[in-house]
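# What the coordinates show
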Amino acid sequence: MNVALLSFVFTIASGVTIGILMTIALITGFDEINHIIVVCIAGFFLAMPIAWIIEKKLVRIGVSKTNNVV
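Along each chain, residue indices are assigned from 1 in the same order as the chain's sequence is written. Only residues with pLDDT of at least 70 get local features here, since the model is predicted, and only at 80 or more are side-chain atom pairs given and counted; chain-wide, interface and lining totals rely on the full set of residues. By convention in this description, side-chain values take in all heavy atoms of the structure and omit both hydrogens and water.

Now for the overall build of the protein. Runs of H or I in DSSP of at least four residues are treated as helices and runs of E of at least two as strands, each being numbered from the N terminus. Helix and strand counts for the protein stand at two helices and zero strands. For the protein, the residues scored as buried account for 20% of the 70 residues in total. For the protein, restricting intrachain contacts to residue pairs at least 6 apart in sequence, the fraction spanning at least 24 positions comes to 72%. As presented, the protein carries roughly 5,200 Å² of accessible surface, and 75% of it is formed by carbon and sulfur atoms. With a 1.4 Å probe rolled over the protein chains alone, any residue whose accessible area is under 20% of its type maximum counts as buried; one over 50% counts as exposed, and the rest are partly exposed. Here a residue-residue contact requires only that any non-hydrogen atoms of the pair lie within 4.5 Å. To measure how exposed things are, a 1.4 Å probe is used in the Shrake-Rupley method; for residues, cover is taken only from the protein chains shown.

Structure representation (structure tokens):
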């Protein structure tokens, strides 16, 4: 596992996930501070498996490319 890549992907994935959930919450009328906090926490925890899956796929692509070059 590449921790640097995972943290980079997690940063992007959490921002995107929280943004999508925040947009959905505001459009559907959940605009109180309690709802916003819950959405942010949910987006943060939902981004963890997303980042892990993307990191695994990126590492696999990178490893296969270096093996083909050698």
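Let us keep going from here.
Right, let's talk about the nonpolar core for a bit. Of all hydrophobic cores here, the largest spans six residues; its members are Leu 6, Val 9, Phe 10, Ala 13, Ala 47 and Ala 51. Of all the secondary-structure elements, those providing two or more residues to this core are helix H1 (3-27) and helix H2 (33-69). Considering every element that reaches this core, the biggest residue donor is H1, with four residues. Non-local contacts of Ala 51, meaning those with residues more than four positions away in its chain, are made with Leu 6, Val 9, Phe 10 and Ala 13. We call a set of buried residues a nonpolar core when its members are Ala, Val, Leu, Ile, Met, Phe, Trp, Tyr or Cys and they connect through side-chain atoms within 4.5 Å of each other.

Here we take up a nonpolar patch on the surface. Only residues whose relative accessible area exceeds 30% and that take part in no salt bridge are eligible for patches, with like-charged residues grouped when within 9 Å of each other and nonpolar side chains (Val, Leu, Ile, Met, Phe, Trp, Tyr) grouped when within 5 Å. Salt bridges are defined by distance alone: a side-chain nitrogen of Lys or Arg within 4 Å of a carboxyl oxygen of Asp or Glu. Taken together, the side chains of Ile 33, Ile 37, Ile 41, Phe 44, Phe 45 and Met 48 define a hydrophobic patch exposed on the protein surface, amounting to about 580 Å² of accessible area. Inspection of the secondary structure puts Ile 33 in helix H2.

Here we take up the environment of Asn 2. Tracing the backbone shows Asn 2 in the segment before H1. Its relative accessible area of 36% is what places Asn 2 among the partly exposed residues. With residues up to four places along the chain from it excluded, the contact list for Asn 2 reads Glu 55 and Val 59. For Asn 2, the side chain forms a polar contact with the main-chain nitrogen of Ala 4, separated by 3.4 Å. Polar contacts, as counted here, are pairs of nitrogen or oxygen atoms within 3.5 Å of one another; within protein the pair requires one atom able to donate a hydrogen and one able to accept it, and residues that are adjacent in sequence qualify only if both atoms are side-chain atoms.

For Phe, Tyr and Trp, rings pair up if their centres lie within 6.5 Å, where Trp contributes its six-membered ring, and each pair is then called stacked (planes under 30 degrees apart), edge-to-face (over 60) or tilted (otherwise). All told, the structure shown has two aromatic pairs when counted by the stated rule. For the pair Phe 10 and Phe 44, a centre-to-centre distance of 5.2 Å together with 85 degrees between the ring planes defines the contact as edge-to-face. Of this pair, Phe 10 sits in helix H1 while Phe 44 is found in helix H2, placing the two residues 34 residues apart along the sequence. Judged by relative accessible area, which is 19%, Phe 10 ranks as buried. Ring geometry for Phe 44 versus Phe 45: centroids 5.5 Å apart, planes at 80 degrees, classification edge-to-face. On the basis of relative accessible area, Phe 44 is assigned to the partly exposed category, the value being 35%. Taken together, Phe 10, Phe 44 and Phe 45 form an aromatic cluster joined through their ring pairs.

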